[in-house]
Structures are given as C-alpha cells and as structure tokens.
Amino acid sequence: IGTVRTFSLSVRDKVVERMRDVAEQTCSMFGAECSFDYKPGYPPVVNDAKEAERFFSANASLFGADNVKTAPPIMAGEDFAYYLQRVPGCFMFVGAGNADKGIVYPHHHPKFDIDETAMLHAAKLLLNMTLDYMNSSGR
C-alpha cells in the first residue's frame, strides 16, 4: 500500500505504468503471478496562471508585497485539485505559524498549533479575492 504523488497527471500515469511493469516483470523473473491494484488518489493541484497572477496583484497591497509569496511545489494530497480541474482558480496558503509565540510545528506534528490571528488574515484574503473578482471587468 502506498501513494503516488506527482505534479502532473501525465507523469502520474507514467509512474503507475512503470510500477505495474516492474511488479509484473519481477514476478515473471521468479515464476510468480502478479496482482497490481492501483486506485488513483487526488490529482495534482495545478493553479491557473491568470488566477495566480490575480492573487498576487490583489493581495500585495493588502498584506504587503513581502508577505505575499510563491510557495515551492509540494506533494500534498488536496481535494481542491478537483475544483481546479473544472474552474480556474488558485490554491492559497495562509501562514498560521508565529515563532515569537512558539508556534513553529508543521501540520500533523503532535505539537501543531496555529496563531489564531491567521483566521483573520484568511478571512481578509478570501474577502479581498472575492471583491477583486466581482470588480474585475466582465463580471
């Protein structure tokens, strides 16, 4: 049992194909039978370029350009990916840590906590993105 995470569906398909090949060929070498059962999980999160650009332009003035950053690619499993397959969008992180308060542990760590002011930042971010979308031309 395991998971396959990639940054594109085409690469995921190739990885699964190669895993099946390796399993089947390894079994074949030893005269064994192979049963390969792959159940695809979440697709990769792929932001729409225009929506990502809108995110940066809309929020730099609200939070300060130094506080609106591009996150490095991560291999998270996220159901938001399904929305992005149907509607242009942008996945956004809201920093919830605060070293000054000792809130430094990542998600899934037993000492994970959030700085609750992050909820206010998240609400402002979502409201600002909504207003920007509503005020943009043609909407």
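Residues numbered from 1 in each chain as written. Predicted model: local features only at pLDDT ≥ 70, side-chain atom pairs only at ≥ 80, totals over all residues. Heavy atoms only, no water.

Peer 1: Looking at this model, I keep getting lost on the packing of helix 2 (residues 49-63) against helix 4 (residues 117-135). Mind explaining?
Peer 2: How two helices pack is summed up by the angle between their axes together with the distance between the axes. The geometry of helix 2 relative to helix 4 is characterised by a closest axis approach of 10 Å and an angle of 125 degrees between their N-to-C directions. Compared by their axis directions, helix 2 and helix 4 come out oblique. In this structure, helix 2 crosses over helix 4, and the sense of that crossing is right-handed. Taken together, the residues of helix 4 that come into contact with helix 2 (itself represented by Arg54, Phe55, Ala58, Asn59, Leu62 and Phe63) are His121, Lys124, Leu125, Asn128, Met129, Asp132 and Tyr133. (Axes fitted to C-alpha atoms, helices over the stretch in contact; angles between N-to-C directions. Helix = DSSP H or I, 4+ residues; strand = E, 2+ residues; numbered from the N terminus. Parallel < 35°, antiparallel > 145°, perpendicular 65-115°, else oblique. Left-handed = near helix turned anticlockwise from the far one by under 90°. Contact = heavy atoms within 4.5 Å.)

Peer 1: Where do I start with helix 2 in this structure?
Peer 2: In an α-helix, one turn spans 3.6 residues, which is why side chains three or four residues apart end up on the same side. With 15 residues, helix 2 should reach 21 Å at 1.5 Å per residue; the first-to-last C-alpha distance of 21 Å fits that figure. Residues of helix 2 that are buried make contact with helix 4. Measuring from the backbone nitrogen of Lys50 back to the side-chain oxygen at the start of helix 2 gives 3.2 Å, which picks out Asp48 as the cap. Gly64 occupies a position one or two residues after helix 2 and carries a positive phi of about 95 degrees. (Expected span 1.5 Å × (residues − 1). Polar contact = N/O pair within 3.5 Å; in protein donor to acceptor, adjacent residues only side chain to side chain.)

Peer 1: Would you mind showing me how to read the pattern of salt bridges here?
Peer 2: Close approach of charged atoms allows side chains with opposite charge to pair. The tally for this structure, following the rule as stated, stands at five salt bridges. Put simply, Arg54 and Glu51 hold a salt bridge, and the shortest N to O gap is 2.8 Å. Here Glu51 and Arg54 lie together in helix 2, a separation of three residues that amounts to about one turn. An identical accessibility class is assigned to Arg54 and Glu51; each is buried. Of the charged contacts, one joins Asp132 and Arg54 as a salt bridge, the two residues approaching to 2.9 Å between their closest N and O atoms. Remark: Arg54 occurs in helix 2 and Asp132 occurs in helix 4; sequence separation between them is 78 residues. Given a relative accessible area of 26%, Asp132 falls into the partly exposed group. Residues joined in a network through salt bridges with shared partners are Glu51, Arg54 and Asp132. (Salt bridge = Lys/Arg side-chain N within 4 Å of Asp/Glu carboxyl O. Buried < 20%, exposed > 50% of the residue type's maximum accessible area, 1.4 Å probe, protein only.)

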